[in-house]
Amino acid sequence: MGFNETNSIKTSSDGIWQGENTLHYAFPMLIIQTTLVVFLSRLLAFLLKPLRQPKVVAEILAGIMLGPSAFGRSKAFTHWIFPSWSTPILECVASIGLLFFLFLVGLELDLNTILRSGKKAVGIAFAGISLPFLFSIGVAFLLRKVIKGIDSVGYGEFFLFIGVSLSITAFPVLARILAELRLLTTQVGEMAMAAAAFNDVAAWILLALAVALAGGGSHHSPLISLWVLLSGIGFVVFMFLIVRPIMIWVAQKASSCGNNNNIIVEETCICLTLAGVMLFGFITDFIGIHAIFGSFIFGLVVPKTSGNFSERLISRIEDFVCGLLLPLYFASSGIKTDVSRIHGFGAWGLVVLVVSTACAGKVLGTFIVGIMLCAMPVRDALALGFLMNTKGLVELIVLNIGKEKKVLDDETFAILVIMALFTTFITTPIVIAIHKPSSTLEPQLEKPQRKIEKQNNLRILACLRGPRDARALINLIESLRSDKNNNNNNNNNCVSVIKLYAMRLVEFTDRLSSTTMVRRARKNGFPFIGRVLRRDDDTIDQVGAAFEAYSTLGRVKVRPTLAISGLPDLHEDIIHVAEKKRAELIILPFDKYWQMEGDEEVVIHAGHGWRMVNERVMSRARCSVAVMVDRGLQLVNNGMRVCIVFFGGADCRKALEFGSKMVEHPTIRVTLVRFIQHGSTNFDEAQRTLDDCSIAEFKMKWGKQTLYTEKEANDDLVKELLAIGRSGEFELMIVGNKVKFSQGIMARLFEQNNSELGPIANLLASSGKGIKSSVLVIHQQANFG
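Note that the structure is predicted; figures quoted are calculated from it, not measured.

On to the overall build of the protein. The helix and strand inventory of the protein stands at 28 helices and 12 strands. Of all 785 residues assigned to the protein, the portion counted as buried reaches 56%. For the protein, the share of sequence-separated contacts (at least 6 apart) that also reach a separation of at least 24 residues comes to 80%. Carbon and sulfur atoms make up 59% of the accessible area of the protein, which amounts to about 34,300 Å² in all.

Following this line, the structure appears as structure tokens:
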């Protein structure tokens, strides 16, 4: 038998064929516990998804359900799955996950951003901390009077733990709620993130103070607490003065080695950093604070601007830590949470009192400052108050440390866990009820699209995911710029200036790395454009640098903007901005890229979710939409050869109109190829007349500056189109999305159609066909054709 109460616990068994029960051994038991915890937390997260709850709510609930409040009430369940001898093992593994998670949280927080957050954010954070602290004086006094046994704990440390638990705002959880509600780039979201970051740092300082005061344990001496506090301050000073310069050097070394493909040096830097997490955790535990403080401070001192070292660290460990190890911490917390300890009307009255006090302190303090200092609308200030009331993992850490230090008893611990769960749960529904999300489409913006062509500004909303999209878009927009437009400002019918709204698309997920993107976000713009671009930065975002350089030419006005949402909701942000800015055209990147590796063409997929974003924008936008299929589009010798493929219909006419804007560019050569379908009954006479008029107008206006050819749309149509794409004569082909053919041609030649691209572009965007041209697919909404 591997398990004996009086002997040491063995790690693994010899197997069932040796007559041994594997559940009596440490490692098999840990496997079962981990599997159960991860499965239950993911199941609850799935069930709560329709309620738009953050994942932390499901994880806290899963922990509570596995404890004595639910499943743990069964003695058989506890005996087989969570026996008492396995608890220290589970807590050790969970603590390792917690150690690295707090390191990730430190990596998320940029102190420079917090210091630049402004007086308003600091004022909101201060009010959100101070008022709950004041309220906690009365709560702590009442709890000590009502709950037996608490009065043996010193009032100072008890008050501090209660105050910290009531005043915390969970920065990572708040970021996910804001992303879910698409509020990240709004005034409310921006203010909430800045204030929450400041609140997070302040809460850790207060918690360190509380731990220092409670650090004496049985030796409850003020002198010991003073030594713990001074040692903690000395540790922080050492980290910022000594360790931070070292980490800046390590980050620069890893970044430069990564660029040179020196994988050994890069991995050595990363491994040493991960070892540092354990080492500094040990040091803070040694001086009597808590191991998590060492890992958190170490995360803070790792540079955020030296290459992408911090991002690579997060990408290496976050899935394992957050997906597998961290739920174990919630389980170990749930095992300590016994809701049955709260019995009777008086005890549940205390729960209501604590929850009400926590909500009142946060919401009221934030609301008053939001109205008086920030001059926010009432609804926005109220929504901000409830957002700042979000709790999460940090709350559980505070409570667990308090329980571990014997400051909180079982009943107080359970009351405060319920408070954290309830306040986080109500945040999303209350904010939805009192604050209208910014991405809601406004009905008064239904008509302006027809007027845009009469304006002097051609308004384009160009969406991009990264540097490659930026290069293709800049070359495409440059092809629309005409020197003649700048010399004919007296002509009101010509477009004098292109106004480009460059929207960076950021997918927000449950991953911690998503909040590193939020950290850089600024309202109505890229975080890396304008005043945020500083000369002392080690690196400048390539996308922002490209557009900033392009905007300095003066002929194109670039207005950066940012959309941070989950992929299912990202199309709403795009459409909303297009409506608000009265864009005539939305340009979207295709969900695939092509690049040559030797003589072989390699396809890189951005993901099926991005294709769904494009399809939803094309089906719901009120203006024209284009999809850019990029095969390395660039100006050759400062010029470009463009082929407009015309079959007929509203989309092809819009493609012809778009292509005609390129003719006046001095270095663009435009060729129009019209495929004529004889005997087709798919087009009515009105459509044919519009097509003929568009072609005649184009030839009359641009005939001397363009080439025009006609071809017959027959069984050789695929060969004709592939020949154009393979020829290398054109850097860009412009086609319509919806093209009508005779049913015979559609059935034989275009069996697989892509609703995002349409039959022609779908053929030209296929892999392995030797296509060299980039393709721009135009879709014109029927009510604007």
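Note on pairing: side chains with opposite charge can pair once their charged atoms come close. The tally for this structure, following the rule as stated, stands at 12 salt bridges. Put simply, Asp410 and Arg341 hold a salt bridge, and the shortest N to O gap is 3.3 Å. With Asp410 in helix α17 (residues 410–434) and Arg341 in the loop between α13 (309–336) and α14 (345–372), this pair connects stretches of sequence that are 69 residues apart.

Turning to unusual backbone geometry, a few remarks are in order. Even without being a glycine, Ala375 presents a positive backbone phi close to 55 degrees. Along the chain, the position of Ala375 falls in the loop between α14 and α15 (378–388). Given a relative accessible area of 62%, Ala375 falls into the exposed group. Here Arg582, not a glycine, exhibits a phi torsion of approximately 55 degrees, which is positive. Tracing the backbone through its elements, the reader meets Arg582 in the loop between α22 (567–580) and β4 (585–589).

With that settled, the discussion passes to the environment of Ser231. With respect to the element layout, Ser231 can be found in helix α10 (residues 222–259). Overall, Ser231 belongs to the partly exposed group, its relative accessible area being 30%. In the structure, Ser231 is positioned 57 residues away from Gly288 in sequence and 8.7 Å away in space, judged by C-alpha atoms.

Here we take up the packing of aromatic side chains. Applying the stated rule across the entire model yields 10 aromatic pairs. Members of the aromatic cluster, connected to one another through ring pairs, are Phe103, Phe235, Phe280 and Phe298. Stacked on the ring of Phe413, the Lys or Arg Lys403 has its end atom at 5.8 Å from the ring centre. Stacked on the ring of Trp610, the Lys or Arg Arg465 has its end atom at 5.1 Å from the ring centre.

Attention shifts here to the side chain of Glu411. Along the chain, Glu411 falls in helix α17. Buried charge without a partner: Glu411 forms no salt bridge, and the closest opposite charge is Arg341, 7.3 Å away. Dropping the residues within four chain positions of it, Glu411 is found in contact with Ile147, Arg341, Ile342 and Ala347.

Now for the environment of Ser255. Here Ser255 is to be found in helix α10. Once the C-alpha coordinates of Ser255 and Cys269 are considered, the two residues, 14 residues apart in sequence, prove to be 9.8 Å apart.

Residues Leu134, Phe135, Ile137, Phe141, Tyr155, Leu364, Ile368, Ile371, Met372 and Val378 make up a contiguous nonpolar surface patch of roughly 910 Å² in combined accessible area. Elements with a contribution of two residues or more to the nonpolar patch: α6 (118–146) and α14. With respect to the element layout, Phe141 can be found in helix α6.

This paragraph deals with the packing of α14 against α15. One way to put it is that α14 packs onto α15 with a least axis distance of 8 Å and a crossing angle of 145 degrees. Note that α14 runs across α15; the crossing there is right-handed. Contacts from Lys362, Val363, Thr366, Phe367, Gly370 and Ile371 in α14 reach Val378, Ala381, Leu382, Leu384, Gly385, Phe386 and Met388 in α15. Looking at the contact of α14 with α15 residue by residue, the class counts come to 9 nonpolar, 3 polar and 1 charged.

Note: α-helices contain 3.6 residues per turn, so residues at a spacing of three or four share the same orientation. Its 28 residues give helix α9 (residues 187–214) an end-to-end C-alpha distance of 40 Å, which sits within 8% of 40 Å, the value for a rise of 1.5 Å per residue. Most of α9 is tucked away, with 20 of its 28 residues classed as buried.

This part covers the pairing of strand β7 (residues 624–629). By the criterion of burial, β7 is predominantly enclosed, with 6 of the 6 residues buried. In this sheet, β7 lies alongside β4 in parallel orientation, the contact comprising 5 bridges. Opposite Ile586, over in β7, you have Val625 as the bridge partner. Here β7 runs beside strand β12 (residues 774–779); their pairing, made up of 5 bridges, is antiparallel. By the bridge assignment for β12, Val627 is matched with Val777.

Moving on to the pairing of β4. Successive side chains on a regular strand alternate, one facing one side of the sheet and the next facing the other. When you tally the buried positions in β4, you get 5 out of 5 residues, the bulk of the element. A two-sided burial pattern is seen for β4, the buried positions comprising Leu585, Ile587 and Pro589 on one face and Ile586 and Leu588 on the other.

Confidence in the prediction of the protein, expressed as mean pLDDT, is 79, and 80% of residues score 70 or more. Under a pLDDT of 50 for its full length, residues 521–540 has, in the predicted model, 49 contacts with residues more than four places off or in other chains.

Here we come to the environment of Ala94. Here Ala94 shows up in helix α4 (residues 87–108). When its relative accessible area of 0% is taken as the criterion, Ala94 is described as buried. Expressed as a C-alpha distance, the spacing of Ala94 and Ser333, which sit 239 residues apart in the sequence, is 9.9 Å.

Right, let's get into the side chain of Asp651. Relative to the elements of secondary structure, Asp651 occurs in helix α24 (residues 650–660). The buried category is assigned to Asp651, whose relative accessible area is 3%. With residues near it in sequence (within four places) discarded, Asp651 still touches Gly736, Asn737, Lys738, Ile778, His779 and Gln780.

Between helix α2 (residues 55–66) and α17, whose axes approach to 10 Å, the crossing angle comes to 150 degrees. Judged by the angle between their axes, α2 and α17 are roughly antiparallel. As α2 packs across α17, the resulting crossing turns out to be left-handed. Residues Val56, Val57, Ile60, Leu61 and Ile64 of α2 pack against Val417, Leu421, Thr424 and Phe425 of α17. Among the residues forming the contact of α2 with α17, the class breakdown is 8 nonpolar, 1 polar and no charged.

Calculation rules
Residues numbered from 1 in each chain as written. Predicted model: local features only at pLDDT ≥ 70, side-chain atom pairs only at ≥ 80, totals over all residues. Heavy atoms only, no water. Helix = DSSP H or I, 4+ residues; strand = E, 2+ residues; numbered from the N terminus. Buried < 20%, exposed > 50% of the residue type's maximum accessible area, 1.4 Å probe, protein only. Contact = heavy atoms within 4.5 Å. Areas by Shrake-Rupley, 256 points an atom, 1.4 Å probe, with all protein chains shown as cover. Salt bridge = Lys/Arg side-chain N within 4 Å of Asp/Glu carboxyl O. Phe/Tyr/Trp six-rings, centres within 6.5 Å; stacked < 30°, edge-to-face > 60°. Lys NZ or Arg CZ within 6 Å of the ring centre and 35° of its normal. Lys, Arg positive; Asp, Glu negative; His and termini not counted. Patch = residues over 30% accessible without salt bridge, like charges linked within 9 Å, V, L, I, M, F, W, Y side chains within 5 Å. Axes fitted to C-alpha atoms, helices over the stretch in contact; angles between N-to-C directions. Left-handed = near helix turned anticlockwise from the far one by under 90°. Nonpolar A, V, L, I, M, F, W, Y, C, P; charged D, E, K, R; others polar. Expected span 1.5 Å × (residues − 1). Pairing = 2+ DSSP bridges. pLDDT = per-residue confidence, 0-100. Parallel < 35°, antiparallel > 145°, perpendicular 65-115°, else oblique.

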